[in-house]
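Structure assessment
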Amino acid sequence: MLKRDIELKGCEAAVEDYSSRVAFCIPILVDASIAYDVSKKQTPEMVEQGKPVGVNLAGKLLNEDGMPPRQCIVIRAEREEEIGNASAVLVESLRCRAEALAERLGLEHSDTLKASSRPGALGLATVLARRGDYAEAEPLQRRVLASYEARHGDEDLEILMEVYHLAEMLLDAGKLAEAETLSRRLLKGRERKLGVLHVLTLESVNILGLVLMWEGKLREAEPLFKRALEGRAAQLGANHADTLTSVNNLGLLLQNQGKLEEAEPLYRRDLAGCETQLGVMHPDTLTSVNNLALLLEKQGKLVEAEPLCRRALEGRETQLGVNHPATLQSVNNLAVLLEKQGRLEEAEAFYRRALAESEAQLGVMHPETMIFVNNLAGLLQNQGKLEEAEPLYRRALEGRESQLGAHHPDTLQSVNNLGLLLKTQAKLEDAEPLCRRALGGFEAQLGANHPSTLTAVHNLALLLRKQGKLEEAEPLCRRALEGRDTQLGAHHLATLDSVFNLAKLLDAKGGPLAEAEELYLRELKGMEELHGPDHKETRTSRRNLERFRRKHATG
């Protein structure tokens, strides 16, 4: 039908129409004996009802005079075991296809390269990457790019497309420095070949913005996201899917900058656009619902966030199935919200559901499964079940080291989490090398001023303070505060946390007390601006300042 509609409507219109349908497609495998092309062969029911070959089950003629031919395949399954999950054997099928083409046509033949790479051709590397198997996917994609480079000798559009695929893969794999280099090469090449306003150039602007954002280079990313948004709105229209993606990305950047109030109208614009263009139950719309819910959660608007979390979950269960990875993400997100509301038993049930179904669908070592392992460990830690949490944190760390590598940001986050758990268990000597490893890894992978690096600096400072190593902790406290002031802004919640911790350290050291008092006061004013004067966090800050003043008989 797609082929017919391309002939009738043109490629662009047909792709626009079918791209939204693909989100609902589930590939299956069946025996040829139960598949009926009713343009050529009747099903038993058609025979009984007297419906001739060439009509569909509704009796409508499939191929009219003067129209391109089309097929209609009917699967007639009487038992569940007659239908197989194609995804279970997809990778092996793609690998066999690529190997067969390589043997028949050679490794450098264009058909072999497409079988190894291209998303449009269901390339092996792309499918492997989507499943988190970067160890096999990355060398495949590199080989494809090298083959095109050797063949063309110049950065033509074919090469640049492969550069894009590799940059996207490295971004997902957490190899951000190389992803940035490739993204800059991609943008420069497409600007030169296509011009600054071409949609593929704007795609390159967008991916460079994403890389910079995840590197923590938020100020560099912001003008790129704004450029992509303005360009796409002008070229494609305000409600085009790519424009709405740029709206969402700019909202995410502002959220990461701590500008939650500025991010909210962008998320709401994205959601409204998706509902209008795609419908309220489309998977992309449900992703927008999910993103708005997560933002509201970060704003502390937990009551408003909950129905959106549940809407995203119920919609994905209906549209994608209860075991789809996106559905399991919604299960996890609802669990996070319930945990923040203090509904720990409800949260635990959702965490365990997400973990069990991810293990069954994706495997016990899949990176997505490791997220759920980590989050369940965090809940158990929050419940005070430290002995139950520890083996889960260790499992998440070992799984991520195995699947993603020792230096991937997710692996380093697991190192950090295990270190913090050991600190909570008062195993301070065991915790210290983990906290130092996390900090060293983040510095090497993300840079000295990335928010994750600064969090690791902050955590090591807290550990050293707890060990009584106040002199060693102080420069780390100051570094965390200065870095967060610069990267996140003076009023970001993480910055205020660093303000408080430096104040507490100086208080414990016995000075400078004037600086400590100034820091306590700054934290209080920041909390009042963020939450209002009567919020529990603001009241805690006020008590901290009053306690300090009583202790030192100041003010």
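Residues numbered from 1 in each chain as written. Predicted model: local features only at pLDDT ≥ 70, side-chain atom pairs only at ≥ 80, totals over all residues. Heavy atoms only, no water.

Named according to an unreviewed UniProt entry, the protein chain is Kinesin light chain originating from Durusdinium trenchii. Per UniProt, the protein chain carries the Subcellular location (unreviewed entry) text "Cytoplasm, Cytoskeleton". Taken directly from UniProt, the Sequence similarities (unreviewed entry) text for the protein chain runs: "Belongs to the kinesin light chain family." (UniProt positions renumbered as here; feature names shortened; annotations may be inferred.)

Quick word on the overall build of the protein chain
Within the protein chain, the regular secondary structure consists of 26 helices and 4 strands. Here the protein chain holds 555 residues, and the buried ones make up 47% of them. For the protein chain, the accessible area works out to roughly 26500 Å², and carbon and sulfur atoms hold 54% of it. (Helix = DSSP H or I, 4+ residues; strand = E, 2+ residues; numbered from the N terminus. Buried < 20%, exposed > 50% of the residue type's maximum accessible area, 1.4 Å probe, protein only. Areas by Shrake-Rupley, 256 points an atom, 1.4 Å probe, with all protein chains shown as cover.)

Regarding a positive patch on the surface
There is a patch of like positive charges on the surface, built from Lys504, Lys536, Arg539, Arg543, Arg547 and Arg550. Considering each element in turn, the positive patch owes the most residues, 5 residues, to helix α26 (residues 536-552). Relative accessible area serves as the criterion here: at 42%, Arg543 is assigned to the partly exposed category. (Patch = residues over 30% accessible without salt bridge, like charges linked within 9 Å, V, L, I, M, F, W, Y side chains within 5 Å. Salt bridge = Lys/Arg side-chain N within 4 Å of Asp/Glu carboxyl O. Lys, Arg positive; Asp, Glu negative; His and termini not counted. Charge placed at Lys NZ, Arg CZ, Asp CG, Glu CD.)

What to know about the pattern of salt bridges
A complete count under the given rule lists 38 salt bridges for this structure. With a shortest N-O distance of 3.0 Å, Glu222 and Lys226 are connected by a salt bridge. Here Glu222 and its partner Lys226 are both found in helix α11 (residues 218-236), 4 residues apart, which amounts to about one turn of the helix.

Focus: the environment of Leu140
Along the chain, Leu140 turns up in helix α7 (residues 134-152). Judged by its relative accessible area of 15%, Leu140 falls in the buried class.

Here we look at empty space enclosed by the protein
Applying the stated rule across the entire model yields 1 cavity of 30 Å³ or more. There is about 30 Å³ of room inside the largest cavity. His458, Ala461, Cys477, Ala480, Ser498 and Asn501 together form the lining of the largest cavity. Here the residues of the lining of the largest cavity sort into 3 nonpolar, 3 polar and no charged. (1 Å grid on protein atoms, 1.4 Å probe; cavity = no way out; pocket = protein on both sides within 12 Å on 5 of 7 lines; lining within 4 Å. Points joined across faces, edges and corners; volume = space filled by probe spheres on them. Nonpolar A, V, L, I, M, F, W, Y, C, P; charged D, E, K, R; others polar.)

Brief notes about the packing of aromatic side chains
Here the structure, examined in full by the defined rule, presents 2 aromatic pairs. Aromatic side chains Phe500 and Tyr520 sit 6.2 Å apart centroid to centroid with 65 degrees between the ring planes, which places their arrangement in the edge-to-face category. Residue Phe500 is located in helix α24 (residues 493-509), and its partner Tyr520 is located in helix α25 (residues 513-531); the two are separated by 20 residues in the primary sequence. By the burial criterion, Phe500 is buried, and Tyr520 matches it. Between Tyr520 and Phe548, the aromatic rings sit 5.2 Å apart at their centres with planes inclined by 45 degrees, giving tilted as the arrangement. (Phe/Tyr/Trp six-rings, centres within 6.5 Å; stacked < 30°, edge-to-face > 60°.)

Some thoughts on helix α19 (residues 386-404)
The terminal C-alpha atoms of α19 lie 26 Å apart, and with 19 residues this matches the ideal 27 Å at 1.5 Å per residue to within 8%. Positive phi shows up at Gly405, right after α19, with a value of about 100 degrees. (Expected span 1.5 Å × (residues − 1).)

Digging into the side chain of Glu297
Mapped onto the fold, Glu297 is located in helix α14 (residues 283-298). A polar contact is formed between the side chain of Glu297 and the side chain of Lys340, at a distance of 3.0 Å. Those residues in contact with Glu297, other than ones at most four positions away along the chain, are Leu302, Ala305, Asn333, Val336, Leu337 and Lys340. (Polar contact = N/O pair within 3.5 Å; in protein donor to acceptor, adjacent residues only side chain to side chain. Contact = heavy atoms within 4.5 Å.)

A short note on unusual backbone geometry
Cis peptide bonds are those with omega within 30 degrees of zero, and the linkage from Gly511 to Pro512 qualifies with 0 degrees. Phi at Ala426 is positive, roughly 65 degrees, even though this residue is not glycine. Counting through the fold element by element, Ala426 comes out in the loop between α20 (409-424) and α21 (428-446).

Section: the packing of helix α18 (residues 367-382) against α19
Between α18 and α19, the least distance of the axes is 8 Å, while the angle of their chain directions is 160 degrees. If you check the angle between α18 and α19, you find them roughly antiparallel. Helix-helix and strand crossings are classified by hand; for α18 and α19 the assignment is left-handed. Counting all contacts with α18, which are made through Pro367, Thr369, Met370, Ile371, Val373, Asn374, Leu376, Ala377, Gly378, Leu380 and Gln381, the residues of α19 involved are Leu386, Glu388, Ala389, Leu392, Tyr393, Arg395, Ala396, Gly399, Arg400, Gln403 and Leu404. Looking at the contact of α18 with α19 residue by residue, the class counts come to 13 nonpolar, 6 polar and 3 charged. (Axes fitted to C-alpha atoms, helices over the stretch in contact; angles between N-to-C directions. Parallel < 35°, antiparallel > 145°, perpendicular 65-115°, else oblique. Left-handed = near helix turned anticlockwise from the far one by under 90°.)

Describing the packing of helix α16 (residues 325-340) against helix α17 (residues 344-362)
Contact geometry for α16 and α17: axes closest at 8 Å, N-to-C directions at 160 degrees. Viewed along their axes, α16 and α17 adopt a mutual orientation that is roughly antiparallel. Considering the relative orientation of α16 and α17, their crossing is left-handed. Contacts between α16 and α17 involve Pro325, Thr327, Leu328, Val331, Asn332, Leu334, Ala335, Val336, Leu338 and Glu339 from the former and Leu344, Glu346, Ala347, Phe350, Tyr351, Arg353, Ala354, Glu357, Ser358 and Leu362 from the latter. When its residues are assigned to classes, the contact of α16 with α17 shows 13 nonpolar, 3 polar and 4 charged.

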